[in-house]
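Descriptive structure summary
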Amino acid sequence: MRVSQAASGHTTSGLFTVVASGRQAGSRPTVVQSYTVPLRQLSTTFKQITASGARILSVTAASQDLPAPAAPVAAPSAPPKKATSKPSKKAVTSSAPKKKPHANVPVNTYKPKTPFMGTVTENYSLLTDGAIGRVQHITFDLAGGEPQLEYVEGQSIGIIPEGNDANGKPHKLRLYSIASTRHGDSYNDSTVSLCVRQLEYKNEAGEQIYGVCSSYLCDIEPGTKVKITGPVGKEMLLPEDEDANIIMLATGTGIAPMRTYLRRMFESKERKANGWSFKGKAWLFMGAPKTANLLYDDDFNNYLKEYPDNFRYTKAISREEQNSKGGRMYIQDRVSEHADEIFAMIENPKTHVYMCGLRGMEPGIDEAMSAAAAAKGLDWKELRPQLKKADRWHVETY
Ligand SMILES: Cc1cc2nc3c(=O)[nH]c(=O)nc-3n(C[C@H](O)[C@H](O)[C@H](O)COP(=O)(O)OP(=O)(O)OC[C@H]3O[C@@H](n4cnc5c(N)ncnc54)[C@H](O)[C@@H]3O)c2cc1C
């Protein structure tokens, strides 16, 4: 949730119950003791427990959040205390009323029955020679809307393609992640851009099929009026905190929301327009089949040059690079390679993770995160819902 921690009085980390056993001084019998700690203190707790000679028996997710600052962790060598399998009532209640998250974010300004008619201003390929498929960057002019179609980074819009479906009914809308910041690519607060891949596949009869809406968009000429709905979506919004850390996992057109975040963070004209001076760490993991399929790569390389302390860019090019097992290099392989650093970042409650792209990327990422968590004695199946609940794990796959 983007309500600031200061405002809510809550940490945004989940809680974990660590159960440890050890022999107390004076050869008293083995004592089993539990400690309920926020995620960011887990590694310190582990160190304290193991340094005292005790053994960690289990780590499980507790069910509530603690207010900041987090409750002190009792060292295992401290006098035995009553086990605290749950945080105290005081620890889970907040005196500050919780704000409704993202209450001011616009949604459904334009609905399918009364869409906004946007005008295409540009439509160009994002791919270079030798790339697979077709991916276009398409911009629409939003001027003249009453009300104005406003949106924020991380939202999507709907596009209703021209024509009728197989049943003779008007085509339904398709959603597309917005690829521009709220100020638009021309910084006049009056355009929206998309990054669209033309869907193509062979059906069971072996015929080449092209997607209806993605083909309509990829072929569209500047000047064409297009039915636009929305904006929609609050899952992928950025935190307002300028010190937040943002880990981005993208494949293919899943780069669209990440481009908006990175422009908001690092594009000089955009920074002037938004007055938001990002000071945290942004780490983009981008998966593509070939180098020629990398999207917005030049922009990201420029950000690397300008903001080397704030931006990191890790690519997985599946058909050109090999993973450690000699197979194709996918984004989850890069996540595995950097698992320690990623988990160290996740332990910081200011870190948010965003994942976007084809749905098929999720199992691989889950597997990589499970292995990384297990190496730290954690259970990803329990940790992920905690991060989600703390509004720090954001997924939009399609
Ligand atoms: C929140 C959200 C954000 C999105 N953002 C983007 C984005 O930024 N960029 C982008 O390009 N897309 C994005 N999409 C996907 C987009 O909405 C469309 O689904 C996509 O463009 C295909 O639509 P279409 O009309 O071209 O295909 P359609 O003509 O609707 O065909 C799609 C249908 O084809 C069939 N099909 C698809 N692949 C195969 C296959 N391999 N084998 C057999 N059948 C198949 C399935 O039945 C599928 O439902 C997003 C989707 C969501 C939900």
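As a reminder, the structure under discussion sits directly above these lines.
The text that follows walks through the structure, step by step, so that each part is easy to find. (Residues numbered from 1 in each chain as written. Predicted model: local features only at pLDDT ≥ 70, side-chain atom pairs only at ≥ 80, totals over all residues. Heavy atoms only, no water.)

Remarks on unusual backbone geometry
Definition in use: The numbering of helices and of strands both runs from the N terminus, where a helix is a DSSP run of H or I of at least 4 residues and a strand a run of E of at least 2.
A cis amide bond, omega 5°, links Glu146 with the succeeding residue Pro147. Within the element layout of this structure, Pro147 appears in the loop between strand 5 (135–141) and strand 6 (156–160). A cis amide bond links Gly230 with the next residue in sequence, Pro231, at an omega value of 0°. Checked against the element boundaries, Pro231 lands in strand 11 (residues 225–232). Of note in this structure, Asp189 is not a glycine but carries a positive phi near 60°. Assignment of secondary structure puts Asp189 in the loop between strand 7 (174–177) and strand 8 (191–197). At Tyr296, a position not held by glycine, the phi torsion is positive, near 60°.

Examining the environment of Ser214
Keep this limit in mind: Residue burial is assigned from relative accessible area. The probe radius is 1.4 Å, only protein chains are included, and a residue is buried under 20% of its type maximum, exposed over 50%, and partly exposed in between. Throughout, a contact is declared for two residues whenever any of their heavy atoms are within 4.5 Å. A 3.5 Å cut-off defines polar contacts: any pair of N or O atoms within that distance qualifies, except that in protein one atom must be a possible hydrogen donor and the other a possible acceptor, and neighbouring residues in sequence count only when both atoms are side-chain atoms.
The topology assignment puts Ser214 in helix 4 (residues 212–218). Ser214 sits in the buried class, given a relative accessible area of 6%. Taking C-alpha positions, Ser214 is 8.8 Å from Pro161, a pair spaced 53 residues apart along the chain. Ignoring sequence-local partners within four residues, the contact set of Ser214 consists of Tyr176, Val196, Arg197, Gln198 and Leu199. Polar contacts involving the side chain of Ser214 include one to the main-chain amide nitrogen of Leu199, which spans 2.9 Å.

Comments concerning the state of the cysteines
By definition, a disulfide links the sulfur atoms of two cysteines through a covalent bond. Using the following cut-off: Any two cysteine sulfur atoms lying within 2.5 Å of each other are counted as a disulfide.
Applying the stated criterion to the full structure yields 0 disulfides. Free cysteine: Cys218, not disulfide-bonded; nearest cysteine sulfur from Cys195 at 9.2 Å. With no disulfide of its own, Cys356 has Cys195 as its nearest cysteine by sulfur position, at a separation of 9.6 Å.

Here's the deal with the nonpolar core
Heads up, the rule is: Remark: nonpolar core denotes a set of buried residues (Ala, Val, Leu, Ile, Met, Phe, Trp, Tyr, Cys) joined through side-chain atoms within 4.5 Å. Boundaries between domains were set according to an automatic or database domain assignment.
Among the nonpolar cores identified, the biggest contains 35 residues, and Ile255, Met258, Leu262, Met265 and Leu284 are the most heavily contacted of them. Breaking this core down by element, the ones donating at least two residues are strand 12 (245–251), helix 5 (255–266), strand 13 (282–288), helix 7 (297–306), strand 14 (311–317) and strand 15 (351–357). Built from parts of two domains, this core gets at least three residues from each of domain 2 (116–232) and domain 3 (245–397). Apart from residues no more than four positions distant in its own chain, Ile255 is found in contact with Cys195, Ala250, Leu284, Met286, Leu295, Tyr296 and Phe300. Phe343, Val353, Met361 and Met369 belong to the second-largest nonpolar core, a separate cluster that totals 27 residues.

Here's the deal with the pairing of strand 11
This is how the line gets drawn: At least two bridges found by DSSP between two strands are what make those strands a pair.
Looking at chain direction, strand 4 (residues 116–125) and strand 11 are connected through 4 bridges and run antiparallel. By the bridge assignment, Thr119 is partnered in strand 11 with Lys225. Bridge count for strand 6 against strand 11 is 4 bridges, and the pairing is antiparallel. Residue pairing in the sheet places Ile159 in a bridge with Ile228 of strand 11.

Everything listed here is a matter of geometry and, on its own, says nothing about what the molecule does.
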